[in-house]
Amino acid sequence: MSSVEYFDLPIVSLKSASQDPRAGGRDVVKALETVGFLGIVDIPEFDVKKLQQCCSWFFQQSWEVKKSVMKRNFNKDNTNIYRGYFPVLEDSFSRKEGFEIAADVPYDDPDVISGNFFYEHSTWPPEDGESFEFKKTMLEMYLRLHNIAMEILRLVSVGLGIRETSFEHFFNEKPCSTFRLIHYPPWKGPPPEGAKVEDGKVVTTPVHTDSGFLTLLATFHYHGLEVMTSEGKWLPVRPISDGLVLNVGDLFSKMVGGRFHATQHRVLDIGIDRYSVPFFLEPRFDANINVDMTIPFEDQRYERRVEKYGPWVLKRMAEKNFFEFKDLPNSSAEKY
Ligand SMILES: O=C(O)CCC(=O)C(=O)O
Ligand SMILES: [Fe+2]
């Protein structure tokens, strides 16, 4: 029997890297330049079990509860369009249900008042007040993942030889980040043609790159994530059950002049229920993303047109046709 060829991600111990940022920064930058993916282990104050508990708590909720937090596109009684629950669509070959939250900004913030959906408040399922504290744990984990991402960006800065805090201002206030719980149920019966890929494999998320800045992903012990190697070959990622997988999004790649790779990846149907939790780090809506972070700020003497993150990402979502976003208001990109 032939053994499975895995894609062994470069691994960084966050604890060691933070103690020796020069060596850590060099390792992180090298991984992002070559593979575009990185495994992160030894993460202080991070317990992947809490993410697992969030998934099992949420996805076991009744249809009524799920409906109460469903995005308006799927339940016309609701007002939330960007945050909340999206169900499995039986006619789509992206086969997953998910629940998404963000960090709320105050109600009197101009972006909330103007109805900019990136700043829509998260919507929460009712809790019985006794067992697992879902909302509290989700908010705690959001904050921890945000801070882990910031720690990694400090290491990246050291590795690039720029000021350690160079990336912070993009994310400090009002980041548009999304924290998502995903459940991929296996196909019931024969999968649609569009979900079939080479060698009899079947996808539950087709090939894509992430649009945002960077993704921190918990895949627990589950197999199924595959990345495209530089030789154009699909290889499975060996699960990192107590750590996180980091991957570069299109925006990060753009903001370092293409030096880091937004690597293509996909998720295969593994024949059983699969869960994963991505944290998509995204800048403020109006952050100017037309920069090259590999050039020290003092040396950036040429004129650059301001390009805001929000309109940029809306355009990309429309181009990529991600099913979660397909019914967002049409004119959004033009509006801002
Ligand atoms: O579930 C996974 O392992 C990957 C998910 C993913 O690629 C995504 O949500 O963008
Ligand atoms: Fe992805």
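Keep in mind that what you see is a predicted model, and the values were worked out from it rather than measured.

### A few points about the overall build of the protein
Tallying secondary structure elements over the protein gives 10 helices and 12 strands in all. Whereas a compact globule of 336 residues would reach a radius of gyration of roughly 20 Å, the protein reaches 20 Å, a difference of no more than 12%. Put simply, the protein has 336 residues, and 54% of those count as buried. Sequence separation of at least 24 residues holds for 76% of the intrachain contacts in the protein that already meet a minimum separation of 6. As displayed, the protein offers around 15900 Å² of accessible surface, 50% of which is attributable to carbon and sulfur atoms.

### Description of helix H3 (residues 48-59)
When the terminal C-alpha atoms of H3 are compared, their 17 Å separation across 12 residues agrees well with the 16 Å that a helix rising 1.5 Å per residue should span. Regarding H3, the residues found buried are Val48, Leu51, Cys54, Cys55, Trp57, Phe58 and Phe59.

### Looking at the coordination of the iron ion (ligand 2)
Binding of the iron ion (ligand 2) to the protein goes through His208 (NE2), Asp210 (OD) and His265 (NE2), at separations of 2.1 to 2.2 Å. Along the chain, the residues that donate to the iron ion (ligand 2) are spaced as H-x1-D-x54-H. With a gap of 55 residues between them, Asp210 in the loop between strand E6 (203-208) and strand E7 (214-218) and His265 in strand E11 (residues 265-268) connect regions that are remote in the sequence.

### Remarks on the sheet that holds strand E9 (residues 234-236)
Within the open sheet, the four strands sit side by side as E6-E11-E8-E9. Their pairing is antiparallel. Where the open sheet ends on each side, the last strands, each with one partner, are E6 and E9. Looking at each pair of strands side by side, their axes are set apart by 25 degrees on average, direction ignored. Examined bridge by bridge, strand E8 (residues 225-228) and E11 share three bridges and lie antiparallel to one another. If you follow Leu225 over to E11, its bridge partner there is Val267.

### A look at the packing of helix H2 (residues 21-34) against helix H6 (residues 134-160)
Close contact between H2 and H6 brings their axes to 7 Å; oriented N to C, the two are set at 90 degrees. The angle between H2 and H6 places the two elements in the roughly perpendicular class. Where H2 approaches H6, its residues Pro21, Arg22, Gly24, Gly25, Arg26, Val28, Val29 and Leu32 are matched on the opposing element by Ile152, Leu155, Val156, Val158, Gly159 and Leu160. In the contact of H2 with H6, the residues fall into nine nonpolar, three polar and two charged.

### Remarks on the sheet that holds strand E10 (residues 244-248)
Spatial strand order, E1-E2-E10-E7-E12-E5-E4-E3: eight strands in an open sheet with mixed pairing. Lying at the two open borders of the sheet, with one neighbouring strand each, are strand E1 (11-13) and strand E3 (84-86). When strand polarity is set aside, the average angle formed by the axes of neighbouring strands in this sheet is 25 degrees. Sheet topology places E3 next to strand E4 (residues 97-101); three bridges connect them, and they run antiparallel. Paired with Gly84 across the bridge in E4 is Glu100.

### Description of the site of ligand 1
With respect to spatial proximity, 14 residues lie near ligand 1, and among them Tyr184, His208, His265, Arg274 and Ser276 are the closest. Between an oxygen atom of ligand 1 and a side-chain N or O atom of Asp210, the distance comes to 3.2 Å. Separating an oxygen atom of ligand 1 from a side-chain N or O atom of Ser276 is a distance of 2.7 Å. Tallying contributions element by element places strand E12 (residues 274-281) first for the shell around ligand 1, with four residues. In terms of residue class, the shell around ligand 1 is made up of seven nonpolar, four polar and three charged.

### Some words on the confidence of the model for the protein
Considering every residue of the protein, the mean pLDDT works out to 92; 94% of them sit at 70 or more. Interface confidence in the predicted complex, given as ipTM, is 0.99; pTM for the same model is 0.95.

### Let's talk about the layout of surface pockets
Of the volumes computed, that of the second largest pocket is approximately 370 Å³. When grouped by side-chain class, the residues that make up the lining of the second largest pocket number eight nonpolar, five polar and five charged.

### So, the pairing of E8
Bridging between E8 and E9 involves three bridges; their strand directions are antiparallel. Bridge pairing in E9 places Met228 opposite Trp234. The antiparallel pairing of E8 with E9 creates a hairpin that spans five residues between the two strands, and Gly232 there sits at a positive phi of about 80 degrees.

### Digging into H6
Helix length check: H6, at 27 residues, gives a terminal C-alpha distance of 38 Å against a target of 39 Å (1.5 Å per residue), a fit within 8%. Downstream of H6 by one or two residues, Gly161 has phi in the positive range, about 75 degrees.

Rules behind the numbers
Residues numbered from 1 in each chain as written. Chains lettered and ligands numbered in written order. Predicted model: local features only at pLDDT ≥ 70, side-chain atom pairs only at ≥ 80, totals over all residues. Heavy atoms only, no water. Helix = DSSP H or I, 4+ residues; strand = E, 2+ residues; numbered from the N terminus. Rg over C-alpha atoms; globule rule 2.2 N^0.38 Å. Buried < 20%, exposed > 50% of the residue type's maximum accessible area, 1.4 Å probe, protein only. Contact = heavy atoms within 4.5 Å. Areas by Shrake-Rupley, 256 points an atom, 1.4 Å probe, with all protein chains shown as cover. Expected span 1.5 Å × (residues − 1). Donors = N, O, S within 2.8 Å, 3.2 Å for Na, K, Ca; no water. Pairing = 2+ DSSP bridges. Axes fitted to C-alpha atoms, helices over the stretch in contact; angles between N-to-C directions. Parallel < 35°, antiparallel > 145°, perpendicular 65-115°, else oblique. Nonpolar A, V, L, I, M, F, W, Y, C, P; charged D, E, K, R; others polar. Near = heavy atom within 4 Å. Polar contact = N/O pair within 3.5 Å; in protein donor to acceptor, adjacent residues only side chain to side chain. pLDDT = per-residue confidence, 0-100. 1 Å grid on protein atoms, 1.4 Å probe; cavity = no way out; pocket = protein on both sides within 12 Å on 5 of 7 lines; lining within 4 Å. Points joined across faces, edges and corners; volume = space filled by probe spheres on them.

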